[in-house]
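Each chain, letter by letter, is given below.
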Amino acid sequence: DRRDSGVPGRGDEGSGGAHRVAQERHAGDLPPRKQPGNPRPGVRRELAEATTAFRALVRLAAEAGVVLAYHNHSGDYVGAPVWDALQMIEGQTPTATGLYFDVRHATVEGGLGGWRVAVQMASPHLRMLAIKDFYWEKGANGRWRVVDCPVGDGMVDWKAFATELRRAKFSGPM
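Below, the structure is looked at part by part. Because the structure is predicted, anything quoted here is derived from the model rather than measured.

Below, the discussion takes up the sheet that holds strand E3 (residues 126-130). Sheet strands associate in pairs through backbone hydrogen bonding, adopting either a parallel or an antiparallel arrangement. The sheet built from 3 strands is open, its strands ordered E1-E2-E3 with parallel pairing. Strands at the two margins of the open sheet, each flanked by one partner only, are strand E1 (68-71) and E3. Averaged over all neighbouring strand pairs, the angle between strand axes comes to 30 degrees, with direction disregarded. Examined bridge by bridge, strand E2 (residues 97-102) and E3 share 4 bridges and lie parallel to one another. The partner of Tyr100 across the bridge, within E3, is Met128.

Further remarks concern the packing of helix H2 (residues 43-63) against helix H3 (residues 82-89). Viewed as axis vectors pointing N to C, H2 and H3 meet at an angle of 50 degrees, and their least axial separation amounts to 9 Å. What the angle tells us is that H2 and H3 run oblique. Like other packed secondary-structure pairs, H2 and H3 cross with a definite hand, here right-handed. For the pair H2 and H3, contact is made by Leu47, Ala50, Thr51, Phe54 and Arg55 and by Asp84, Gln87, Met88 and Ile89, respectively. Partitioned by chemical class, the residues of the contact of H2 with H3 number 5 nonpolar, 2 polar and 2 charged.

Glancing now at the pattern of salt bridges. For side chains of opposite charge, pairing can occur when their charged atoms come near one another. One pass over the structure, following the stated rule, counts 6 salt bridges. Note that Glu49 and Arg45 form a salt bridge whose closest N and O atoms lie 3.2 Å from each other. Of the two residues, Glu49 and Arg45 are both situated in helix H2; the distance of 4 residues between them amounts to about one turn of the helix. Judged by relative accessible area, which is 19%, Glu49 ranks as buried.

Basis of the calculations
- Residues numbered from 1 in each chain as written.
- Predicted model: local features only at pLDDT ≥ 70, side-chain atom pairs only at ≥ 80, totals over all residues.
- Heavy atoms only, no water.
- Pairing = 2+ DSSP bridges.
- Helix = DSSP H or I, 4+ residues; strand = E, 2+ residues; numbered from the N terminus.
- Axes fitted to C-alpha atoms, helices over the stretch in contact; angles between N-to-C directions.
- Parallel < 35°, antiparallel > 145°, perpendicular 65-115°, else oblique.
- Left-handed = near helix turned anticlockwise from the far one by under 90°.
- Contact = heavy atoms within 4.5 Å.
- Nonpolar A, V, L, I, M, F, W, Y, C, P; charged D, E, K, R; others polar.
- Salt bridge = Lys/Arg side-chain N within 4 Å of Asp/Glu carboxyl O.
- Buried < 20%, exposed > 50% of the residue type's maximum accessible area, 1.4 Å probe, protein only.

Dropping the structure here:
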């Protein structure tokens, strides 16, 4: 859900607010906000633009003593495949940024085993976790859709995820 939540990074208006603050602070040449319905400029270009913008925000956050963690989100977004987010984070000061890993979204994107590859690749950069679950449901229109559900009632393999977190020696917030 991309509606405005009033929290930076949590919806169009919130992330736009952070974007405006970065622009006002001369954080670099940030790309214009993407608007729903605007044509995508191409995956590689969009990722490059998002990387530039994210790194500018990381610098701004670091000046304020804040860690900026990127939340992976399933769908047609930069960062839906976790390796997008890892490219954005690569080379940045580890104390200034990292990944807010969402296993629910990683499972939506990575199905059977892609989520496991994602968490293994992300493990050095894990800063915090989202704990959510879902299942697939076929709608009356014949199209599959994601339905959120209570943790443990869905598709996320919690036992395997816990094994990966232990292997990564993760001890951050959930």
